[in-house]
Amino acid sequence: MNAYNFAYLDEQTKRMIRRAILKGLAIPGYQVPFASREMPMPYGWGTGGVQVTAATLTPDDTFKVIDQGADDTTNAVSIRKFFERTAGVATTEDTGKATIIQTRHRIPETPLTEGQILVYQVPIPEPLRFLEPSEVETRKMHSLEEYGLMHVKLYEDISKHGAIATSYAYPVKVEDRYVMDPSPIPKFDNPKLSNCPAIQLFGAGREQRIYALPPYTRVVSLDFEDHPFDPSKADHCCDLCGSGESYLDEVIVDDDGGRMFVCSDTDYCRARRAAGHMGAQGVPYEEGAA
Amino acid sequence: MYVAVKGGERAIDNAHAWLAEERRGDPTVPELSIAQIREQLALAVNRVMAEGSLYDPDLAALAIKQSRGDMIEAIFLIRAYRTTLPRLGHSEPVNTDAMTCDRRISATFKDAPGGQVLGPTFDYTHRLLDFKLAADGETPEPPVAEPRDEETPHISGFLGREGLIQDEIQSDETPRDLTREPLELPASRALRLQALSRGDEGFILGMAYSTQRGYGRNHPFVGELRIGTVAVEMDIPELGFAIEIGEMTLTECETVNQFTGSKTEPPQFTRGYGLVFGQSERKAISMALVDRALRWKELGEDDAGVPAQDEEFVLYHSDNIQATGFLEHIKLPHYVDFQSELELIRRLRKEAAAGRQAQEAAE
């Protein structure tokens, strides 16, 4: 792979992306247009995140990739391999050891720290898109801070269902200015967006947008005084590590539809089991075992 | 007990190995060479070059071989490769007046300087399977004529001289580059034409067809369709003048569209324009129709509210690499999102059931 530049993209392209990132950091929550390139993986599979990672990665970085919270899902494996090949950087599954974490659909359970960068893969960066299909219109709405449509939608949810019927990609407001799509993370993760010590970067390749949250940015999930935001999750504990705090995946374990609940964050679950925690169906942790 | 699935890595490697085996097919059947694909599947090669936005028949042929004949996958390979190429400079605009035409037809004039030249076209073939081709593809020597030396003038030029066709705005401004800058709306016509030229053939065809069926009808005639080679010239700063660095095959289509005038424009003919790499005439004609439909504002026409007039709709959905990627990404795991939906539906159902019970008890 020596025929390719460090982290695949040429330096000119990286510079263009870094400028967009810096602009994004300067205007938290604002969607910065950038000249997204065709990457060797399909649009919709994390090309925005991959380009942001390529532009921020240095040879000294330690890189982690998660998809659905897990390090070993197929697309996470594929993206990790891509940067192992094209950048030769060290990789890890340990959230605490990573300097750059690329993620799809989750924020790690282990709190992030200063010096870390969390890169989100974003399919549709526009929080107003499903209320207004035209990009020309939604950009105008953002510039005029015209978010009434969103509040009407949330209100209609409450009047119809008694609750806001958005469970992931739950819209947030950044520093009292821009309404932002936090990417399709479960709303359980939304509180972690706010006042986070790490830099959070969002890349949408196909839609050619980058946006960002600098460290310690105030991020508020949209709600109403009488219907406050509720970051719900499955009412269970992890069956492997016993955690009652983590976001859980539901797994069907037999033909009769028997279920178990396990942490979606595989590194968090592994670390807890290594530390001796055990859930209802757990077995004592062994190094190297699944 | 459930064991978290590990082994995504091995599964991927094995899937790739299987894919390679399937690509090769039965090993007792001779393997396709790049030259065979380039020479004998030339129209496929042309489409990959056009929508891949990279004029290189050998690479396009390689991409077709590697993608097992999946055209969009081949276009994707070319696009991803294109990303890694440095931008050395740009050519002078190609001069299609000086095209060495293999094919040149006009549907608006029975004859014109340069003549009607059918060239290698399927148009008047009867679409009967040629079973002889299954056994033996050798062809007899075709008749040969003397090539014309003089340039073939554009048909629209003859209409222009009479002032019957709208004058295009001349500009020496360097158009923006769709592949280097994010698409922002409203887009200039140059930018729209770039997007259409690399857009999905099927999508552009569908859009063009919709205008013919009444969704933004614009009465097109094929004023001219020409296919042939043009010289590509580039200005070399050290030399101080442009030199020819190669040649390429292009398909160019100019439609002449009836136009009865609007509030701002007098009655005259107007144009749609299509220009595509290689011999890609379905694409070039489609492009011209869609281009014309998108010009409604500039010509002061009414907004009929049809898809082909909607610049944002057409430009945001014409790129098949964007479309296929986003479409196919729903194959990726979504269990986190789905889990949150499961919780929501369960809760709403529980609340609805509780509400019903309370109501029944009250009655």
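Residues numbered from 1 in each chain as written. Chains lettered and ligands numbered in written order. Predicted model: local features only at pLDDT ≥ 70, side-chain atom pairs only at ≥ 80, totals over all residues.

**Q** Please clarify how the overall build of chain B should be interpreted in this entry.
**A** Scanning chain B from terminus to terminus reveals 13 helices and four strands. Here the C-alpha coordinates of chain B stretch approximately 90 × 65 × 55 Å along the principal axes. Counting all 363 residues of chain B, 32% fall into the buried class. Sequence-distant contacts in chain B: of pairs separated by 6 or more residues, those separated by 24 or more amount to 65%. (Helix = DSSP H or I, 4+ residues; strand = E, 2+ residues; numbered from the N terminus. Buried ≥ 20, exposed ≤ 12 C-beta atoms within 10 Å, placed from the backbone. Contact = placed C-beta atoms within 7 Å.)

**Q** Even after reading the chapter, I still don't get the confidence of the model for chain B, so can you show me in this structure?
**A** For residues with low pLDDT, the predicted coordinates do not support detailed interpretation. All names here are of chain B. When pLDDT is averaged along chain B, the result is 91; 98% of the residues meet or exceed 70. Segment residues 1–5: pLDDT under 50, and eight contacts once partners within four positions in sequence are set aside and those in other chains are kept. Among the prediction metrics, the complex's ipTM stands at 0.84, with pTM recorded as 0.89. (pLDDT = per-residue confidence, 0-100.)

**Q** What's the story with the interface of chain A and chain B in this structure? I'm lost.
**A** When the parts of a complex come together, some accessible area is lost, and that lost area is often taken as the interface size. Of the residues lining the interface, 49 residues belong to chain A; the matching set on chain B comes to 42 residues. Counting residues per element, the ones that place at least two in the side of chain A that touches chain B are helix H3 (74–87), helix H4 (135–143), strand S11 (248–252) and strand S12 (259–263) of chain A. Broken down by element, the residue count for the side of chain A that touches chain B peaks at four residues, all from H3 of chain A. When grouped by side-chain class, the residues that make up the side of chain A that touches chain B number 21 nonpolar, 17 polar and 11 charged. (Nonpolar A, V, L, I, M, F, W, Y, C, P; charged D, E, K, R; others polar.)

**Q** It is not clear to me how the pairing of strand S2 (residues 62–67) of chain A should be interpreted in this structure. Could you clarify?
**A** Remark: a regular strand shows side chains that alternate across the two faces of the sheet. All names here are of chain A. Across the six residues of S2, five count as buried, placing the element largely inside the fold. At this point the chain moves from S2, through H3, to the parallel strand S3 (residues 90–91), and the crossover so formed is right-handed. Examined bridge by bridge, S2 and strand S4 (residues 100–104) share five bridges and lie parallel to one another. Across the sheet, residue Lys 64 finds its bridge partner in S4, namely Ile 101. (Right-handed = clockwise from strand over helix to strand, strands pointing away. Pairing = 2+ DSSP bridges.)

**Q** Would you explain unusual backbone geometry in this entry?
**A** Most peptide bonds adopt trans geometry, and most residues besides glycine take a negative phi value. Note the cis peptide between Leu 185 of chain B and Pro 186 of chain B, where omega equals 0°. At Glu 175 of chain A, a residue that is not glycine, the phi angle is positive and equals roughly 45°. Tracing the chain through its elements places Glu 175 of chain A in the loop between strand S6 (172–174) and strand S7 (178–180). C-beta crowding within 10 Å serves as the criterion here: with 15 such atoms nearby, Glu 175 of chain A is assigned to the partly exposed category. The phi dihedral of Ser 53 of chain B falls on the positive side, at around 55°, and the residue is not glycine.

**Q** Got a minute to help me understand the sheet that holds S6 of chain A in this structure?
**A** Strands pair in a sheet through their backbones, by hydrogen bonds, and they do so in one of two ways: parallel or antiparallel. All names here are of chain A. Ordered by their spatial adjacency, three strands build an open sheet running S7-S6-S10, and the pairing between neighbours is antiparallel. The open sheet has two edge strands, S7 and strand S10 (219–221), and neither has a second partner. Within the sheet, the average angular offset between the axes of one strand and its neighbour, ignoring direction, is 30°. Judged from the three bridges that link them, S6 and S7 form a sheet pairing that is antiparallel. Along S7, the bridge assignment pairs Lys 173 with Val 179. (Axes fitted to C-alpha atoms, helices over the stretch in contact; angles between N-to-C directions.)

**Q** What is the right way to read the environment of Asp 265 of chain A from this model?
**A** All names here are of chain A. Position of Asp 265 among the secondary structure elements: in the loop between S12 and helix H7 (266–274). Given 28 C-beta atoms within a 10 Å radius, Asp 265 is considered buried. It is 21 Å that separates the C-alpha atoms of Asp 265 and Asn 195, two residues lying 70 residues apart in sequence. Non-local contacts of Asp 265, meaning those with residues more than four positions away in its chain, are made with Gly 69, Arg 106, Pro 108, Glu 109, Ser 246 and Tyr 247.

**Q** Just checking my understanding: could you explain the environment of Pro 307 of chain B for this structure?
**A** Residues and elements named next belong to chain B. On the secondary structure map, Pro 307 appears in the loop between helix H10 (281–294) and helix H11 (311–317). The exposure class of Pro 307 is partly exposed, given the 16 C-beta atoms found within 10 Å. With 14 residues separating them along the chain, Pro 307 and Ala 293 place their C-alpha atoms 9.5 Å apart.

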